[in-house]
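The residues making up each chain are set out below.
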Amino acid sequence: MDQLLTSYEERSPSSVPAPNRAVSIAKSLVTYGKKSCPPSLVSELISSTVDLALLAPRSETVPANSALSLTLELCSQTTFDTAGLVPGLDFLLYRGLLRLPSSDDTIRARATTLCGDVVSRMGDVQEDGIIEEETFDLVYEALFPRLDDKNVAVRSAAVSACSMLQDSGDAEDELTKKLMYMCSHDTSPVVRAAATKACVVTKYTLPTIICRVRDVSNSVRVAALDVLKNQVDCRLMTDLERVVVLRSGLTPRCEVTYLAASRMLCCGWLKSLGYSLLNLLKLLDVANNEAECALVIKAIIAAPTNATLKELSSNEVKAYNAALNNPIEVNNLTIESALLLRVKVDNLKDSAVHENKKQELVEELMPDTPVICSMITKHLGRYVEAALKQDEDADEDADEDEEEDLDDSFVCLQLLKLARNADFADESGRKQMLSLLNRMLCSGQSPDELVEPSIRALAVAHQTEAEYIQRIQDIIAEVSDYDAESEDGDANDAAFRQLRIVSVVGVVLEHTKRNLEDPQIASLSDTILPAFASADAVVREAAVICLGKYTLLGLNAAMEFRPLLLGMVNNVEEETSIRAQALLAMSDLAMLWPVMLEETDAMDMSTCQMNKVSLPELLTSFLDNAQGPMVVIAAEICCKLMMMGRIQDNTTLAKLVVTYFDPLFSSRIEAAKASKEGEEGEEGEEEENLAKDVAAASQKQLEADTDDATAVGSPIRLQQMLSLFFNAFVTLRGGEHMGNATMEVLRLVSEQWKAGGAGAEASRKSRKRNKGGDGVALDKVVSFVANSSGCYGDVALETCQYIIDESAKPGGLAGDVVKDLAKSLSGMTVEKDFIDLPLLRECGGDVENILEETGAGNKTLAKSFQKFLVCCDDALEEVVKLEKLGGGGVGNENVVVEEVAEVKEKGKAKGKAVGRKTKVLGEVQA
């Protein structure tokens, strides 16, 4: 106790705060204060300890936090002083609240953390866990503003402190809404992770937490997965929510995220289900999410070999392994057990186990070939029987019967994939499988989704590819052989047969190792072309896809069928999906052979005349005028062709930049797809409501995840591709291409700016918002082009020249447009690029004059733009120095004199900032 008093008395009021001394005092209080320290002295010591710790410099964070923790522990001991003379948590909270308005970031962060810890400890001390209303209001009003603090550490501490203040039963709780917003929109990953952990888990906040599994930061993704593991029962989630979490978490691109998702899956979800893999798969809608369920099974199989199961006890690990190795009843397969069996075998075939050991393990899992055939026959028969019954009786249980049909079809699909690993050394089993596959492919009752796995199993069952191709030709002949005049020879039957033929041929062409020099492969074109005349759009689309695969096998075939494909693309009366597939086929050919970009004759179906058409012209027309998926596909193809160097056009590159920055691009694509009257206005209102309601926005984002972003024609896919394209393009092709497109980008963006940032389809509300600055932001676009290309001087010069040229035209540029472009110039660094710098400096001065004439200038903008002009002078000064030092002749001296005179003249007009630069140049001249 004497040491405690000495330590306290030695602290003079003017001394620098010493957190180590605070720790000593706090430890002494905890050890001796209860027995021998007067209550009044304890109060003074606690106050001094807290102040010492809160005011400690940032370098002393560890001892300061230790002192605060010890003091918190001391004040939490409610039995310390029964008379109430010793301060408790309320006093400690008051000391922390006093320091919240501090101007020092470190003090605010420590005070915020202290307040949060005290509130949390208050909840633990109270019997009902409820904080007094007066204290609650005081803390709420003090901490809520800290959520918008400029400092990341303060915001993070405020988020954690506010976690105890949420009302989980109120869907409109403002604090919860604020935390949900911070989860998604705070610029710091530290704050987003803290908000994800702090946000109370309810049915309203769960979509927001799930969306954070797709965050750009590893720490946020891991935080979201930990919350889902520890606080959410997977059985209370929807199928969509579970699938989105697993699809986003089990990604091989990030090892940290994958490990966190595996822990959530194996130590959280699977543990809550008693380690039953089949019960887990039942929660994931296996029939509609096969790929995600396969990832889940592989992660569960791999868990014992990595660090996933570390937190499980030895008994739990034994239960886990026992459930994993449970035998599968082949004679009583469900969709879950069929997928589990197939993935186990595939995973084992791809493993690094020794071949002999691998073969033994596969034989233990794989049923015999006759058993596979019998099971396929059984489930296919049940599928056909249920389908016929459903056609005859449309009763109340139609939906249930349809679900059972899908189950049997899915089991057949898994068995056919499993058959590729079968041992066909047994001739009897091989013949039985070949006979079954032949019947399935020729039958009109077998579902279309079984065609590809059947053909691939057929290829494995043959010893040579020649025998396999011959078998395919026999199947095509059998499917084609029908009497059109018979009762069954109606249009639907003909369409089915054509569709089945092109489906079979398409799979063969996709997986064959031969080319068109092989007569068997070359003859397959005769089976494709008749489908182009079909009245069924589905058949024509399949024919276009199949012909695209065929032309990839030889240049002569590509040249022969190029007019046909271009004609399909150019046919405005054709279905959009068919035109899109023809356009994709042409893009694949163009990436292989540049000659495919040349102009050629193609039939215009609307006029029945031959016209000159080229792929680049069609792509440009789609980017300018097309609606819906065609513009998305055209933009994606332009990205691919520009990366390959097939297209080198500044206008096309500029259109891609504008598309990337257009906030209304996706909504206009969706509006074109819907094409319903009145839907546009409702969409604008819906966007405004979503902006206000964070929970609704998260739910919409979650539902949007069901749309496959890998699907061609998806705006989401295009945005993801463009986000990677520009940097990759500059790296591969050089930044000068981006820099040269600046003028075209400015023209396109300013046109959208004048039009409200949207096309004719934009709603009035969207136009109004874009005029206010929510459209394509000019300053962001120009800065993006400069930063991506690295050609700062070229981009700045093009921007200045554009302002000058446009301002000279009748009507000129709007003041807002000039102001926005000037902002991009003021924030641009030109020191890395000295190209035509005197002209750039001259253009910069002209732009400043235009700013004054248009009235777009203000003090803030003028000050910012002066920085740009001074930057030009700095670079120009370096050029003059290099000229002087590099030459030394009379000619170079004249250049220096001319440059100095020019800059001096500018200095007179621009003021002291430029005048100071001319003084330096004068010294260089002397």
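Every chain is numbered on its own, with residues counted from 1 as its sequence reads. pLDDT decides what is reported in this predicted model: residues at 70 or higher carry local features, side-chain atom pairs at 80 or more are listed and counted, and totals for whole chains, interfaces and linings draw on all residues regardless. The side-chain figures draw on all heavy atoms in the structure; neither hydrogens nor water molecules are used.

Further remarks concern the packing of aromatic side chains. Each aromatic ring pair is summarised here by two numbers: the centre-to-centre distance and the angle between the ring planes. Stacked, edge-to-face and tilted are the three classes for Phe, Tyr and Trp ring pairs, Trp counted by its six-membered ring, which pair at centre distances within 6.5 Å; planes under 30 degrees apart are stacked, over 60 edge-to-face, the rest tilted. One pass over the full model with this rule turns up 11 aromatic pairs. When the centroid spacing of 5.3 Å and the interplanar angle of 65° are considered together, the rings of F725 and F726 count as edge-to-face. Members of the aromatic cluster, joined through ring pairs, are Y660, F661, F725, F726, F729 and F784.

Attention now goes to a negative patch on the surface. What goes into a patch is any residue over 30% in relative accessible area without a salt bridge, connected to like charges within 9 Å or, for nonpolar side chains (Val, Leu, Ile, Met, Phe, Trp, Tyr), within 5 Å. All accessibility values rest on the Shrake-Rupley procedure with a 1.4 Å probe; residue burial counts only the protein chains present in the view. Any carboxyl oxygen of Asp or Glu that lies within 4 Å of a side-chain nitrogen of Lys or Arg is treated as forming a salt bridge with it. Charged residues are defined here as Lys and Arg on the positive side and Asp and Glu on the negative side; His and the ends of the chain fall outside this count. Charged groups are reduced to one reference atom each: NZ for lysine, CZ for arginine, CG for aspartic acid, CD for glutamic acid. Together, D90, E132, E133, E134, D137 and E141 make up a negatively charged patch on the protein surface. Here a helix means four or more residues in a row that DSSP labels H or I, a strand means two or more in a row labelled E, and each is numbered from the N terminus. Examining the composition of the negative patch, we find that four residues originate from one element, helix α7 (residues 133-143), more than from any other. Along the chain, the position of E141 falls in helix α7. For the exposure calls, accessible area comes from a 1.4 Å probe over protein chains only, and a residue counts as buried if that area is under 20% of its type's maximum, exposed if over 50%, partly exposed in between. Exposure remark for E141: the relative accessible area of 60% places this residue in the exposed category.

Attention now moves to the pattern of salt bridges. As enumerated under the stated definition, the model contains 28 salt bridges in all. A salt bridge links R108 to D149, with the shortest nitrogen-to-oxygen separation between them at 2.9 Å. Here D149 lies in the loop between α7 and α8 (152-162) and R108 lies in helix α6 (residues 105-125), a separation of 41 residues in the sequence. The residues R108 and D149 share a single accessibility class, namely buried. In this structure, the salt-bridge partner of K549 is E510, at a minimum N-O distance of 3.1 Å. In this pair, K549 sits in helix α28 (residues 537-551) while E510 sits in helix α25 (residues 491-511), placing the two residues 39 residues apart along the sequence. Residue classification places K549 among the partly exposed positions, given a relative accessible area of 24%.

So, about the confidence of the model for the protein chain. Note: pLDDT gives the predictor's confidence per residue, expressed from 0 to 100. Here the protein chain averages 77 in pLDDT, and 71% of its residues register 70 or above. Here residues 483-489 scores under 50 on pLDDT; set against residues more than four positions off or in separate chains, the count is four contacts. Residues are treated as being in contact if the distance between any of their heavy atoms lies within 4.5 Å. Note that pLDDT drops below 50 for residues 903-926; the model gives that stretch 33 contacts with residues more than four away or on any other chain.

Axes here refer to lines fitted to C-alpha atoms; in helices the fit is confined to the stretch in contact. Angles between the N-to-C directions go from 0 to 180 degrees. Running from N to C, helix α18 (residues 335-349) and helix α19 (residues 355-365) point in directions that differ by 170°, and their axes come no closer than 10 Å. In this view, α18 runs roughly antiparallel relative to α19, as classed from their interaxial angle. Judged by residue contacts, L341, K344, V345, L348 and K349 of α18 engage K358, L361, V362 and L365 from α19. If an angle is under 35 degrees, it is roughly parallel; if it is over 145, roughly antiparallel; if it lies from 65 to 115, roughly perpendicular; otherwise it is oblique.

Under the convention used throughout, the expected extent of a helix is 1.5 Å for every residue step, that is, one less than its residue count. For helix α12 (residues 218-231), spanning 14 residues, the distance from its first C-alpha to its last is 20 Å, which sits close to the expected 20 Å at 1.5 Å a residue. Listing the buried residues of α12 in full gives V220, R221, V222, A223, A224, L225, V227, L228 and K229. On its buried side, α12 packs onto α10 (189-198), α11 (206-211), α13 (239-249) and α14 (255-272).

Turning to the environment of A796, a few remarks are in order. Within the secondary structure, A796 is located in helix α42 (residues 792-807). When its relative accessible area of 0% is taken as the criterion, A796 is described as buried. It is 9.7 Å that separates the C-alpha atoms of A796 and F868, two residues lying 72 residues apart in sequence.

Where helix α29 (residues 555-570) meets helix α30 (residues 576-592), the closest approach of the two axes is 8 Å, and the angle between their N-to-C directions is 145°. For the crossing formed where α29 meets α30, the hand is left-handed. The segment α29 lies against α30, with A558, R562, L565, L566, M568, V569 and N570 engaging I578, R579, A582, L583, A585, M586 and L589. In this classification, Asp, Glu, Lys and Arg are treated as charged, Ala, Val, Leu, Ile, Met, Phe, Trp, Tyr, Cys and Pro as nonpolar, and every other residue, Gly included, as polar. Residues belonging to the contact of α29 with α30 are distributed by class as follows: 11 nonpolar, one polar and two charged. Here a crossing is taken to be left-handed if its near helix is turned anticlockwise relative to the far helix by less than a right angle, and right-handed if that turn runs clockwise.

On to α7, then. Those residues of α7 that sit buried are T135, V139 and L143. The arc enclosing the buried residues of α7, seen along the axis, measures out at 50°, which places them on a common side. Turned more than 90 degrees away from the buried face of α7, the exposed residues are E133, E134 and E141. What the arc covers is the set of directions going from the helix axis to the C-beta atoms.

With that settled, the discussion passes to the side chain of R430. Take R430: it is sitting in helix α22 (residues 427-442). Think of a polar contact as two N or O atoms within 3.5 Å of one another; within protein, one of them needs to be a possible hydrogen donor and the other a possible acceptor, and neighboring residues in sequence only count if both atoms come from side chains. A polar atom in the side chain of R430 sits 3.0 Å from the backbone oxygen of A461. Residues contacting R430, with those up to four places away along its chain left out, are F424, A461 and H462.

Moving on: the environment of V595. With respect to the helices, strands and loops of the structure, V595 is situated in the loop between α30 and β1 (600-604). The spacing of V595 and L555 is 40 residues in sequence and 9.6 Å in space, taken between C-alpha atoms. In contact with V595, not counting residues within four places along its chain, are L555, M559 and R562.

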